[in-house]
Amino acid sequence: MPGPAHGLKGRRSTADGDIDMVPGLHQRRRTAQALLAAFALAVCLCGLLPALASGAGLCLPTGSLVTPASGDAALRFGIYPGGAAGSVEGKPDPAPEDPVARLAALELLRPTNGRLGVHIYTAYTGDAAADEGTALWMDGEIAAYTAAGFDVELVVRYKPEGLARAQAVTGFARFVRATVRRYGGNARFTSLQVTNEANLTGAPDASDGAFAGATDALVAGVIAAKAEVRETNFAQVQVGFNWASDARPAASTAFWKALADQGGAAFADAVDWVGLDAYPGTWFPALDVSSLLPGLAGAALDSALATVRGCHMPAAGLGTDIPIHVSENGYPTGPGRSPATQSRVLEEMVRAVARRAAAYNVSDYNWFDLRDSRSDHPHLESQYGLLRDDYSLKPAFSTYRRLIGELGAGADTSGAPTVQPAANAVTPSASACTRSPARIAVPRRKGWKLRSLRVMQGSRVLKTLRQAAVPAWIRVALKPGRTRVTVRVSTRRGRTLRTQTVRRTLTVCGTTAA
């Protein structure tokens, strides 16, 4: 996104009627007992649902897949390592990131002799200069993560600006191919997700379905990415896409049918994995906070996996040999949502996935996310993190670390310590630093002209610019040590003026040739 996506909120009208996507705390009150009864009734009626649905043109899982045989299987675990999160409603800018503390937290999550992946985001807009500027920033991110031993799964979002539909789709497929070429030579660049939540509309900051041609782009991008992988022999790169759990069965059925109709055998042959984004108790399904919430959230995630495996993937011609990734799954803290509740919900959802991993062929699980965007703000999407925005630990951090050690592929759980929440508990690692001169990405939007640009290190002005075009990035020499770099950009479009400020906290490790 770099801000990632995690579903819709608010109220919007669709072909399926008005859908209330307000989080559980703002839903019409209903008791946990009623929810359990409804869930049990749904399971009892599972044998009848396919027959009832067929007349309405809907796709629902078969009864045999609602209650599959249990059996844990080792999972590959990962996490979105940032704090910023895409949303619909406005909320404060995220607190500044600390790359050193972030990397230290990831190293603490990773078990002895185990692996941990990072699930990160970039985007195609069709503005070549802006997209290259983002790619230069992403070069550094991927290099830092992989050098530290983390596997990278990169999401390429589809966010065209001012392009005709056909032009945007063609350009996106080329961009995806170029992304494979750019990073595929890195052995720890292991996975590419093509588009993000293309089935959801109305939330452009979070979900690609808000952009015209998103389904076309998904199909074309998956086929293009896999063709590039095969041509370059970057065999470790697995290509997939995701679907966000949705309250609209007719819309979901239409989405998966469109993948089959547009992609056919070529699309099915190119797909290595299918992702699920699900936020039980936060988006869909909405669940009231109670002592039963953790178990209900786990059951809802189990049901979502059953729906993807038994209903949607077959509709797109995707067989049981293609694994499922839980691409995004989370539960935030905030008003009425205690850190202890977050920890319990996390454990129930992770264990629900592990119990069904063998039956549903689930290979990967990613938690959303590592750090709060803003711990001091009550907005629901500001506090998804296992860490607060100052990188101090919530109880869920210790819980996730323990589960990775217990359930992760190749993990050694011996001697794994329990991490207690404490302020400033993350110890920075000296292995993560930025070399000088550094390339700093500049915020820019198509059609806006530069009035002025100023780069500062602390209170010292490093560089100023006044020119017609906004650069995608700027290169500056920085003094060694930990420092904050501020980029202030003033732009105009017609008579409209806009000022943006970007702050980055860096540890500068030395100098290199300019």
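Below is a summary of the structure that appears in this document. The model shown is predicted, which means the values in this text are computed figures rather than measured ones. (Residues numbered from 1 in each chain as written. Predicted model: local features only at pLDDT ≥ 70, side-chain atom pairs only at ≥ 80, totals over all residues. Heavy atoms only, no water.)

**Section: the overall build of the chain**
Here is the rule: Every helix listed is a DSSP run of H or I at least four residues long, and every strand listed is a run of E at least two residues long, numbered separately from the N terminus. For every residue, the accessible area (1.4 Å probe, protein chains only) is compared with the maximum for its type, and the residue is labelled buried under 20%, exposed over 50%, or partly exposed between those bounds. Whether two residues are in contact is decided by their heavy atoms: any pair within 4.5 Å suffices. Exposure was quantified through the Shrake-Rupley algorithm and a 1.4 Å probe, taking into account, for residues, occlusion by the shown protein chains and nothing else.
Along its length, the chain carries 10 helices and 17 strands. Looking at the 514 residues of the chain, the share that counts as buried comes to 53%. A fraction of 75% describes how many contacts in the chain between residues 6 or more apart in sequence connect residues 24 or more apart. Summed over its atoms, the accessible surface of the chain is roughly 20,600 Å², and 53% of this surface lies on carbon and sulfur atoms.

**Comments concerning a positive patch on the surface**
Note the cut-off: Grouping into patches uses exposed residues only, defined as over 30% relative accessible area, and leaves out salt-bridged ones; the cut-off is 9 Å for like charges and 5 Å for nonpolar side chains (Val, Leu, Ile, Met, Phe, Trp, Tyr). A pairing counts as a salt bridge when a side-chain nitrogen of Lys or Arg comes within 4 Å of a carboxyl oxygen of Asp or Glu. His is not counted, nor are the chain ends, whereas Lys and Arg count as positive and Asp and Glu as negative. To locate a charge, take atom NZ for lysine, CZ for arginine, CG for aspartate or CD for glutamate.
A cluster of like positive charges, contributed by K449, R451, R454, R466, R488 and R492, occupies part of the molecular surface. Residue assignment for the positive patch shows that the elements contributing at least two residues are β13 (449-457) and β16 (481-493). Examining the composition of the positive patch, we find that 3 residues originate from one element, β13, more than from any other. Its location among the elements puts R492 in strand β16.

**Quick look at helix α7 (residues 249-270)**
The test is simple: To estimate the expected span of a helix, subtract one from its residue number and multiply by 1.5 Å. Note that bend, as reported per residue, equals the angle between axes fitted to the 7 residues terminating at that residue and the 7 residues originating from it.
Its 22 residues place the ends of α7 only 26 Å apart at the C-alpha level, less than the 32 Å of an ideal helix rising 1.5 Å per residue. Helix geometry: α7 is bent most strongly at G263, by close to 105°. Residues of α7 that are buried include every one of S252, T253, F255, W256, A258, L259, G263, F267, A268 and A270, and no others. Considering only its buried residues, α7 is in contact with α6 (214-232), β7 (238-244), β8 (273-278) and α8 (293-315).

**Brief notes about the nonpolar core**
Filter applied, for reference: What we call a nonpolar core is a set of buried Ala, Val, Leu, Ile, Met, Phe, Trp, Tyr and Cys residues that are connected through their side-chain atoms within 4.5 Å.
Counting 93 residues, the largest nonpolar core has L192, F241, W256, L318 and Y400 as the members making the most contacts within it. Sort the elements by how many residues they give to this core and α8 lands first, with 9 residues. Residues in contact with L192, not counting those within four places in the same chain, are L154, V156, V176, T179, V180, A225, V237, Q238, V239, G240 and W273. Of all hydrophobic cores here, the second largest spans 14 residues; its members include A438, I474, V476 and L478.

**Looking at unusual backbone geometry**
With an omega of -5°, the peptide bond running from F284 to P285 counts as cis. As for its placement among the helices and strands, P285 is situated in the loop between β8 and α8. Residue F368 is joined to D369 through a cis peptide bond whose omega torsion reads 5°. By secondary structure assignment, the location of D369 is in the loop between β10 (362-367) and α10 (395-407). You will see that E197, though not glycine, has its phi angle at about 50°, which is positive. The topology assignment puts E197 in the loop between β6 (189-194) and α6. Judged by relative accessible area, which is 1%, E197 ranks as buried. With phi around 55°, N361 is a residue other than glycine that occupies positive phi space. In this fold, N361 is placed in the loop between α9 (339-360) and β10.

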